[in-house]
Amino acid sequence: MRMQAAVLRAGTGPFVVEEVDIAGPGPGQVLVRIAAVGFCHTDVLPRGEGFPARPPIIAGHEGAGVVQALGPGVTEPSVGSHVLLSFDHCGACENCLDGHPAYCRSFVQRNLTGTGTGTESGGQLVTDAEGKPVASRWFGQSSFATHAVVDVRNTVVVDPDLPLELLAPLGCGIQTGAGSILLALGVRAGSRVVVFGAGGVGLAAVMAAKVAGAATIVAVDLHENRLDLAQELGATHVLLGSVDDVPRQLRKITGGGADYILDTTGVPEVIRDGVDSLRGRGTIGLVGAQSRDLVLGPAALSTGKNVMGILEGDAVPRRFLPQLVELWQQGRFPFERLVRTYPLSEINTAERDAASGVTVKPVLLPGS
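Worth saying up front: this structure is predicted, and the values here are computed from it rather than measured.

**Q** Can you tell me about unusual backbone geometry, naming the residues and giving the values?
**A** The linkage connecting P55 with the following residue, P56, adopts the cis geometry, with an omega of -5°. Here P56 shows up in the loop between β3 (29–38) and β4 (57–58). Residues E76 and P77 are joined by a peptide bond in cis, for which omega reads 0°. Along the chain, the position of P77 falls in the loop between β5 (63–70) and β6 (82–85). At R281, a residue that is not glycine, the phi angle is positive and equals roughly 70°. Relative to the elements of secondary structure, R281 occurs in strand β15 (residues 278–286). By relative accessible area, which is 71% here, R281 ends up exposed. With a phi angle near 55°, D314 is a residue other than glycine that sits in the positive phi range. Along the chain, D314 turns up in the loop between β16 (306–309) and α9 (317–329).

Quick look at the structure:
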């Protein structure tokens, strides 16, 4: 089937919207017409040298749309179902069976190579106008396109009356921020929370900390406009990351140190500041991809401090995303404040706006 997709042809080049051909859904898969897809920093990782996924590739991993066709053996979701798309996982390894699919044994192969597992159910193929293959299994969906073929287990059915252009980012970035607070860290009422980075993931974490009943919620960022938004969304305090001695400032704000810290930056120096800002037995969760080694001093963790790596908020999407939707419907999780929409043809503008901080969460509309 012919469709439009934003293809990354070179690591240093722009996304190019072009006509490509997509195969139909195989066993256990569905074809989804993409109504909206969030743009996330993760979607530019294939630009990096040595990364498992390489151009040409169709990125996009926060898709939402309507099921158009079913592969062999599929009964649910049905044609016409409105679905959110999330990360790929096998559903059969010990971590998947234990309710932690983000730590699936084959997570990297399924999500970060762009080619999936290479099996019949995972190796869906897209070809360009010259008949050459384009990597099209980014996070099991490659949804920077008008259509995507995804495995059934990666779909979450939602009420068709809900706006897909708002719900799309729930599939990864919003899920990661909120899940890290509510699920992985298990933030408790009355606790003290610090979030480093007030982008989409960080602001979702701020909103989730408010839902959890944290008494002190501190957002740290380099952009004053994002700190202003963080306060509107639930932060009790904000701090510019450029101030002197960030740990001392945070210990003062939290009355001796934070119980929980979430780092969304991946910057080793920021993470070290976070460790120094914890009280004894506190935990810092890391969701930002670290590009350099993290080195801690010999006594950094000596008071029972914990460092936790977190993927996808340690969420089960089919269970957690409906909970986030319900919180949003109650007015307790206003993530729509983060969203700005763009037609797919303006994907390069969306990338620049996200990188500069102009837009917190760009959402592309392939059908517009």
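There is more to say after this.
**Q** So what's going on with the pairing of β6? Residues and values would help.
**A** Of the two faces of β6, the one holding H82 and L84 and the one holding V83 and L85 are both buried throughout. Bridge analysis of β5 against β6 gives three bridges, and the strand direction is antiparallel. Considered in β6, the bridge of G65 is made with V83. Sheet analysis places β6 next to strand β10 (residues 155–158), joined by four bridges and oriented antiparallel. If you follow V83 over to β10, its bridge partner there is V157.

**Q** Account for the nonpolar core, naming residues and giving values.
**A** Residues L84, L167, L170, L324 and F333 are the most contacted members of the largest nonpolar core, which totals 54 residues. Considering each element in turn, this core owes the most residues, eight residues, to helix α5 (residues 200–212). In contact with L167, other than residues within four places in its own chain, are L84, V158, L162, V325, W328 and F335.

**Q** Residues and numbers for the environment of A59, please.
**A** One can find A59 in the loop between β4 and β5. Residue classification places A59 among the buried residues on the basis of a relative accessible area of 1%. Spatially, the C-alpha atom of A59 lies 7.8 Å from that of A6, the residues being 53 residues apart in sequence. With sequence-adjacent residues up to four places away left out, A59 is seen in contact with D43, W138, S142, S143 and F144.

**Q** Report on helix α10 (residues 347–356), specifying residues and quantitative values.
**A** For α10, the full list of buried residues reads I347, N348, A350, E351 and D353. Those residues of α10 that are buried are in contact with β1 (2–8), β2 (15–22), β17 (339–343) and β18 (361–365). Of the residues flanking the end of α10, it is G357, one or two places downstream, whose phi is positive at about 90°.

**Q** Account for the sheet that holds β15, with residues named and values stated.
**A** One open sheet accounts for six strands, arranged β13-β12-β11-β14-β15-β16; its pairing is parallel. Bordering the open sheet on either side are β13 (237–240) and β16, each of which pairs with just one other strand. Geometrically, the sheet is characterised by an average inter-axis angle of 20° between neighbouring strands, direction not taken into account. Examined bridge by bridge, strand β12 (residues 216–221) and β13 share four bridges and lie parallel to one another.

**Q** Provide a residue-level description of the pattern of salt bridges, including the pertinent values.
**A** On inspection of all chains with the given rule, the structure shows 19 salt bridges. For the salt bridge of D88 with R137, the shortest nitrogen-to-oxygen distance reads 3.7 Å. Residue D88 is located in the loop between β6 and α1 (94–97), and its partner R137 is located in the loop between β8 (133–134) and β9 (147–151); the two are separated by 49 residues in the primary sequence. Across the pair, R137 and D88 agree in class, each one buried. Put simply, D88 and R153 hold a salt bridge, and the shortest N to O gap is 3.7 Å. With a gap of 65 residues between them, D88 in the loop between β6 and α1 and R153 in the loop between β9 and β10 connect regions that are remote in the sequence. Its relative accessible area of 29% is what places R153 among the partly exposed residues.

**Q** Help me get a handle on helix α7 (residues 246–254), residues and values and all.
**A** The periodicity of an α-helix, 3.6 residues per turn, causes residues three or four positions apart to be oriented the same way. Turning to α7, its buried residues are V246, P247, L250 and T254. Within α7, the buried residues cover an arc of 95° as seen down the axis, which keeps them to one side. Of the surrounding elements, those touching the buried residues of α7 are β11 (192–196), β12, β13, β14 (258–263), α8 (268–276) and β15. Following α7 by one or two positions, G255 has its phi on the positive side, about 70°.

**Q** Describe the packing of helix α4 (residues 173–184) against α9, and please don't skip the residues or the numbers.
**A** Across the interface, α4 lies against α9 with an axial gap of 11 Å and an inter-helix angle of 95°. The orientation of α4 relative to α9 falls into the category roughly perpendicular. Contact residues: α4 offers I174, Q175, A178, G179, L182 and L183, while α9 offers P317, F320, L321 and L324.

**Q** Any chance you could break down the packing of aromatic side chains for me, citing the residues and the numbers?
**A** Summed over all chains, the structure comprises nine aromatic pairs. With 6.0 Å between their ring centres and 45° between their planes, F333 and F335 make a pair best called tilted. Taken as a pair, F333 and F335 share a single burial class, namely buried. Every member of this aromatic cluster is reached through a ring pair, and the members are F51, F87, F107, W138 and F139.

The rules behind the values
Residues numbered from 1 in each chain as written. Predicted model: local features only at pLDDT ≥ 70, side-chain atom pairs only at ≥ 80, totals over all residues. Heavy atoms only, no water. Helix = DSSP H or I, 4+ residues; strand = E, 2+ residues; numbered from the N terminus. Buried < 20%, exposed > 50% of the residue type's maximum accessible area, 1.4 Å probe, protein only. Pairing = 2+ DSSP bridges. Core = buried A, V, L, I, M, F, W, Y, C linked by side-chain atoms within 4.5 Å. Contact = heavy atoms within 4.5 Å. Axes fitted to C-alpha atoms, helices over the stretch in contact; angles between N-to-C directions. Salt bridge = Lys/Arg side-chain N within 4 Å of Asp/Glu carboxyl O. Arc of directions from axis to C-beta. Parallel < 35°, antiparallel > 145°, perpendicular 65-115°, else oblique. Phe/Tyr/Trp six-rings, centres within 6.5 Å; stacked < 30°, edge-to-face > 60°.

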